[in-house]
Amino acid sequence: MYRYDAYDTQLVGERVTQFRDQVRRRLDGSLSEDEFRPLRLLNGLYLQLHAYMLRVAIPYGTLSSEQMRMLAHIARRYDKGYGHFTTRQNIQFNWTRLEDAPDILADLAKVEMHAIQTSGNTIRNTTADPFAGVAAEEIEDPRIYCEIIRQWSTLHPEFSFLPRKFKIAVTGAREDRAAVRVHDIGLAIRRDNSGEVGFEVMVGGGQGRTPMIAKTIREFLPKDQLLSYLEAILRVYNLAGRRDNKYKARIKILVHELGAETFHEQVEAEWAQLRDAGPNLQAVEIARIAAFFDPPRYEEVDSASYQAKLFQDRTFADWVRTNVAPHKQDGYAIVSISLKPEGEAPGDATAAQMEAVADFAERYSLQEIRVTHEQNLVLPHVRQPDLYALWQGLRDQELATANIGLISDIIACPGLDYCGLATTRSIPVAQRISRLFANLDRQHDIGELRLKISGCINACGHHHVGHIGILGVDRKGEEYYQITLGGRADENAAIGKIIGPAFSSANIVDAVETLVTVYLERRRDHERFVDTYERVGQTPFKEALYGSR
Amino acid sequence: MKTQAVTANLLVDGRVAFLTWEGDWSEKVEDSHVVTSNEEAEWLLDSAQRAVSAQVVIDPYLIEVSDSNGSAWPLSRREQIRAAGPTGTIDTAPDGLTAGLKQVA
């Protein structure tokens, strides 16, 4: 993992001191709320429905066990004993107090964490494949470049007041687990014909009220030129992006209005000006950062006991089937920990669960944890012979639900239960769907089905890219839910299509059941829900939901 | 004629609060000072603004409430959730939510 150097330590420490003084001046009346609001947002402190919410950055979703313990401490000491892992691989604490905020930031700084640039029109936390560094088919570890981007973008003076927020995601694998095509910039590590490693650069993806799939504007960018190219994109956006209408201010609108080709030409022209003088990466600097992400020393592992357990314990085998992925190292496994137990709020974890995960990471995963954009956790380095004991430990903490990628592994935004922007609730709908499909045998029979719920058009619950997407809409004070089908966030990213009129909150769960029934009746062989939908189209689903009108 | 009360968030901890008959702030919506005329509502909001100047609350505003049995209850779902807390998370839905809320929770 990356460790802070003297610059990082000084920068984060100074920010804590500054914010402590700003909070003091707010509380004694020296600063008005209008003056203070932008200062607290610079430190990730929002005022939501019920309290101040602190959003803490988890760079590219990587945590040490020590950091997870600190998050548990913050949940217990300063909050109501739990935290909420988000679709940006961050964590939010929903019940913090303003007067405690400087102490929380000071505690975070002790473990090399902060909340800088988790709000505002800046470059936000760069996200990554949660299997980075351990995925079998990976070209290179994307976290090296995420960390380089983090250092380049943190307090970057030119990009601190962009037209809107700006999100970058990086993957190093062919299989996209980072949803790179629905980010402002998506970077996919590629190898060209000569074997050189670089990036495919995609720009202008996003969700919200105008969902778009990012366009590839460069098939291959040599990796040493990453920062100058990013700087060229950001400059074009900073100059030409709209500032008169916040709903048209994201880079996706600019790319769409200019056209990808014109946008590409403008970026290339800008890049021509700065590619030689710009912040290009020396091999020695890439190597310095890469050293922080060197693979650990793996042991020779005898997996015979693991194989035996798979035959002896069917429940364990079911969990392995959904929650355990192949590791690049023989004898090791990648374990996904579901934060979607039956009937609970997706992404929530109690302080006790966070501490348990820290314990498991120390015992079984070389102290390392990942957060996924699907609001789950990952232990990336588990020896196969340890899987059975780990599974038993996870079960004791209600963390062993065998549902990764299944219908109850729901992404849901906080919705109107917490969020000041939401118009409807999403968590209770997720809970009802989770209960309806509680039978894990049935879920396993249904197979992979990505269901995502947003409580308003801002789409924080990623409904546009759900195989089944659910968007809450307020109709004269009543909660209704609109269904989209066929969205996907993977390497074949697509925006879902609205199937028809919205359903009342009383009927939305039955509608999901109907969709699943149609799928099961029509699927062939091992088709997933989205495969069947793409083959048969909307009609049978629509007829089942609305009749043949 | 609207029946209204004033709500805000407390500066120190951000908790939801309601302006009371005594001119204090309570976290219980039923303690709200309820008014039924526009003149009274303006007066109520003015007095809330003094609490802003005194660094007690942030962003006060009027909400519509029902006032059956002398106990205020917000009409909109958003304000009901602000008053009663999250409906389906680790904080369980408290009593007093409307039928519409209970249906989903």
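About the thresholds
Residues numbered from 1 in each chain as written. Chains lettered and ligands numbered in written order. Predicted model: local features only at pLDDT ≥ 70, side-chain atom pairs only at ≥ 80, totals over all residues. Heavy atoms only, no water. Pairing = 2+ DSSP bridges. Helix = DSSP H or I, 4+ residues; strand = E, 2+ residues; numbered from the N terminus. Contact = heavy atoms within 4.5 Å. Axes fitted to C-alpha atoms, helices over the stretch in contact; angles between N-to-C directions. Phe/Tyr/Trp six-rings, centres within 6.5 Å; stacked < 30°, edge-to-face > 60°. Buried < 20%, exposed > 50% of the residue type's maximum accessible area, 1.4 Å probe, protein only. Lys NZ or Arg CZ within 6 Å of the ring centre and 35° of its normal. Buried area = accessible area lost by both parts, 1.4 Å probe. Salt bridge = Lys/Arg side-chain N within 4 Å of Asp/Glu carboxyl O. Polar contact = N/O pair within 3.5 Å; in protein donor to acceptor, adjacent residues only side chain to side chain. Nonpolar A, V, L, I, M, F, W, Y, C, P; charged D, E, K, R; others polar. Parallel < 35°, antiparallel > 145°, perpendicular 65-115°, else oblique. Patch = residues over 30% accessible without salt bridge, like charges linked within 9 Å, V, L, I, M, F, W, Y side chains within 5 Å. Areas by Shrake-Rupley, 256 points an atom, 1.4 Å probe, with all protein chains shown as cover. Lys, Arg positive; Asp, Glu negative; His and termini not counted. Charge placed at Lys NZ, Arg CZ, Asp CG, Glu CD. Domains from an automatic or database assignment. Core = buried A, V, L, I, M, F, W, Y, C linked by side-chain atoms within 4.5 Å.

(A) Here's a closer look at the sheet that holds strand E10 (residues 215-222) of chain A. All names here are of chain A. Read across the open sheet, the 5 strands follow the order E6-E7-E8-E9-E10; overall the sheet is mixed. Each edge of the sheet is formed by a strand with only one pairing partner; in this case those strands are strand E6 (127-128) and E10. Across 5 bridges, strand E9 (residues 197-203) lies against E10 in antiparallel orientation. Looking at E10, one finds that Gly-198 is bridged to Pro-222. Running over the sheet, helix H5 (residues 143-153) touches E6, strand E7 (168-171), strand E8 (185-191) and E9 and is turned about 155° from E7.

(B) A look at the packing of aromatic side chains. Residue and element names in this part refer to chain A. Per the stated rule, a full pass over the model turns up 19 aromatic pairs over all chains. On the numbers, 5.4 Å between centres and 45° between planes, the contact of Tyr-388 with Trp-391 is tilted. On the criterion of helical spacing, the pair formed by Tyr-388 and Trp-391 is a turn pair, its members being 3 residues apart in helix H13 (residues 387-396). Each member of the pair, Tyr-388 as well as Trp-391, carries the same accessibility label: buried. Here the aromatic residues Tyr-306, Phe-316, Trp-319, Tyr-388 and Trp-391 are joined through ring pairs into a cluster of three or more. Taking NZ or CZ as reference, Arg-275 lies 4.0 Å from the ring centre of Trp-271, over its face. Here the basic side chain of Arg-395 rests over the ring of Trp-391, its NZ or CZ set 4.0 Å away from the ring centre.

(C) The interface of chain A and chain B, seen in detail. Listed as interface residues are 37 residues of chain A and, on the opposing side, 27 residues of chain B. Summed over both sides, the interface between chain A and chain B buries roughly 2,700 Å², with carbon and sulfur atoms accounting for 54% of that surface. Interface area lost by chain A to chain B is led by Leu-49, His-50 and Arg-425 of chain A, which between them contribute 21%. Taken together, chain A and chain B are joined by 3 salt bridges. Our count for the chain A to chain B interface comes out at 9 residue pairs in polar contact (both at pLDDT 80 or more). Every element with two or more residues in the side of chain A that touches chain B is listed here: helix H1 (6-27), helix H2 (33-41), strand E5 (91-96), strand E13 (348-350), helix H14 (427-436) and strand E19 (478-485) of chain A. Sort the elements by how many residues they give to the side of chain A that touches chain B and H14 of chain A lands first, with 4 residues. Of the residues belonging to the side of chain A that touches chain B, the class tally is 14 nonpolar, 9 polar and 14 charged.

(D) Molecular detail of the packing of helix H7 (residues 251-258) of chain A against helix H8 (residues 260-274) of chain A. Residues and elements named next belong to chain A. Direction vectors running N to C along H7 and H8 enclose 110°, while the axes themselves pass 6 Å from each other. Between H7 and H8, the angle falls in the class roughly perpendicular. Contacts between H7 and H8 involve Ile-251, Leu-254, Val-255 and Leu-258 on the former and, on the latter, Ala-260, Thr-262, Phe-263 and Gln-266. In terms of residue class, the contact of H7 with H8 is built from 6 nonpolar, 2 polar and no charged.

(E) Spotlight on helix H11 (residues 314-323) of chain A. Residues and elements named next belong to chain A. Phe-316, Asp-318, Trp-319, Val-320, Thr-322 and Asn-323 are the residues of H11 that are buried. Buried residues along H11 sit against helix H10 (304-312), strand E11 (324-326), strand E12 (332-337), H13 and helix H15 (440-446). One side-chain oxygen of the residue at the start of H11 lies 3.1 Å from the amide nitrogen of Thr-315, identifying that residue as Asp-313.

(F) Focus on a negative patch on the surface. Residues and elements named next belong to chain B. Residues Glu-39, Glu-40, Glu-42 and Asp-46 make up a contiguous surface patch of negative charge. Looking at the element boundaries, Glu-40 is found in helix H1 (residues 38-53). According to the relative accessible area criterion, Glu-40 is partly exposed, its value standing at 36%.

(G) Fine view of the sheet that holds strand E1 (residues 4-10) of chain B. Residue and element names in this part refer to chain B. Pairing is antiparallel in the open sheet, where 5 strands are placed in the order E3-E2-E1-E4-E5. Unpaired on one side and paired on the other, strand E3 (25-26) and strand E5 (73-74) mark the two borders of the sheet. Bridging between strand E2 (residues 16-19) and E3 involves 2 bridges; their strand directions are antiparallel. Residue pairing for E3: Leu-19 is matched across the bridge by Trp-25. The strands that H1 touches are E1, E2, E3 and strand E4 (57-66); relative to E4, the one it contacts most, it runs at about 155°.

(H) The arrangement of the domain arrangement of chain A in detail. Residues and elements named next belong to chain A. The domain boundaries assigned to chain A delineate domain 1 (6-110), domain 2 (134-292), domain 3 (304-396) and domain 4 (411-546). Here domain 2 and domain 3 have C-alpha centroids that lie 32 Å from each other. Facing the 7 residues of domain 2 at the interface are 9 residues of domain 3. When the area that domain 2 buries against domain 3 is broken down by residue, the three leading residues are Val-134, Ala-136 and Arg-143, summing to 78%. Between the two partners, domain 2 and domain 3, sit 1 salt bridge. A salt bridge links Glu-368 to Arg-143, with the shortest nitrogen-to-oxygen separation between them at 3.0 Å. The interface formed by domain 2 and domain 3 includes 3 residue pairs in polar contact (both at pLDDT 80 or more).

(I) Just the nonpolar core, in detail. Residues and elements named next belong to chain A. Of all hydrophobic cores here, the largest spans 62 residues; its most connected members are Met-68, Leu-71, Trp-319 and Leu-379. With 8 residues, the single largest contributor to this core is helix H12 (residues 351-364). Taken domain by domain, this core gets at least three of its residues from each of domain 1 (6-110) and domain 3 (304-396). Within the second largest apolar cluster, 47 residues are counted, among which are Val-12, Ile-148, Ile-185 and Ile-289.

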